[in-house]
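# Coordinate inspection notes
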Amino acid sequence: MRIGVLTSSRADYGIYLPLLKAIINAPDMDLGLIVFGTHLSKTHGHTVDHIVYDGFPITKTIDTTSKGDSPVDIAESYALTAQRFAQYWSEKGSTYDVILALGDRYEMAAAVAASIPFGLKIGHLHGGETTLGAIDNTYRHSISLASYVHFVSAEPFVLRLKQLLDTQTRWFSM
């Protein structure tokens, strides 16, 4: 099974780490690590170097680094990310059996949104959660809506996702 993993920052990479190790060590799984976002930013520590240091093979880097944190910067980065991922998905998207997306960041939402026209199977980790007073919920829910399978961290999040999604969704508790 070919599993794509989207990682856009050190925050999601740290959560993914045990899963990445399990995929690498599974004889019937092939990891496609797609690195983008702040991982490639010198301002944010160029954390792609940590991934290389940890020994994970990077399948693709996609430079989508934002100029800043203003609303215009975020909107422009979202558009750039969607555009660059549309190109990548058109070339390589069908090579993955499932593509994992974690969390609630706008970069992740843009990469997932670009996958929709290609009918790719997205697996969303940590859907149904909430971040009070932030725009993260909108991005998290949009990732959930575009996802084929959901990996939730607790039962209350399953209930929240059931309110958001139809009942045909595939559910897995972590």
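Refer to the structure printed above.
Because the structure is a prediction, the values reported are computed rather than measured.

### Focus: the packing of aromatic side chains
Here a ring pair, both rings aromatic, is described through the centre-centre distance and the interplanar angle of the planes. If you walk through the whole model with that rule in mind, you get six aromatic pairs. Aromatic pair Y13 and F56: ring centres 6.3 Å apart, planes at 80°, arrangement edge-to-face. Of this pair, Y13 sits in helix α1 (residues 10–25) while F56 is found in the loop between α2 (48–53) and β3 (58–62), placing the two residues 43 residues apart along the sequence. Geometrically, the ring pair formed by F85 and W89 is tilted, given 5.4 Å between the ring centres and 45° between the ring planes. With F85 and W89 both in helix α3 (residues 71–92), this residue pair falls four residues apart, about one helical turn.

### Observations concerning the packing of α3 against helix α4 (residues 106–115)
Put simply, α3 and α4 touch, their axes get as near as 8 Å, and they point 40° apart. Our classification of the angle between α3 and α4 gives oblique. Taken as a pair, α3 and α4 cross one another with a handedness that is right-handed. In this structure, α3 uses I74, S77, Y78, T81, A82, F85, A86 and W89 to contact α4, whose residues at the interface are Y106, E107, A109, A110, A111, A113, A114 and S115. Considering only residue class, the contact of α3 with α4 consists of 12 nonpolar, three polar and one charged.

### Quick look at the environment of L132
Tracing the backbone through its elements, the reader meets L132 in the loop between β5 (122–125) and α5 (136–146). Placed 13 residues apart in sequence, L132 and G119 show a C-alpha to C-alpha distance of 31 Å.

### Description of the environment of M29
Note that M29 resides in the loop between α1 and β2 (30–36). Its relative accessible area of 33% is what places M29 among the partly exposed residues. Here the alpha-carbon distance between M29 and V72, two residues 43 residues apart in the chain, equals 40 Å. Beyond its immediate sequence surroundings of up to four residues, M29 is in contact with M1, I3 and I23.

About the thresholds
- Residues numbered from 1 in each chain as written.
- Predicted model: local features only at pLDDT ≥ 70, side-chain atom pairs only at ≥ 80, totals over all residues.
- Heavy atoms only, no water.
- Phe/Tyr/Trp six-rings, centres within 6.5 Å; stacked < 30°, edge-to-face > 60°.
- Helix = DSSP H or I, 4+ residues; strand = E, 2+ residues; numbered from the N terminus.
- Axes fitted to C-alpha atoms, helices over the stretch in contact; angles between N-to-C directions.
- Parallel < 35°, antiparallel > 145°, perpendicular 65-115°, else oblique.
- Left-handed = near helix turned anticlockwise from the far one by under 90°.
- Contact = heavy atoms within 4.5 Å.
- Nonpolar A, V, L, I, M, F, W, Y, C, P; charged D, E, K, R; others polar.
- Buried < 20%, exposed > 50% of the residue type's maximum accessible area, 1.4 Å probe, protein only.

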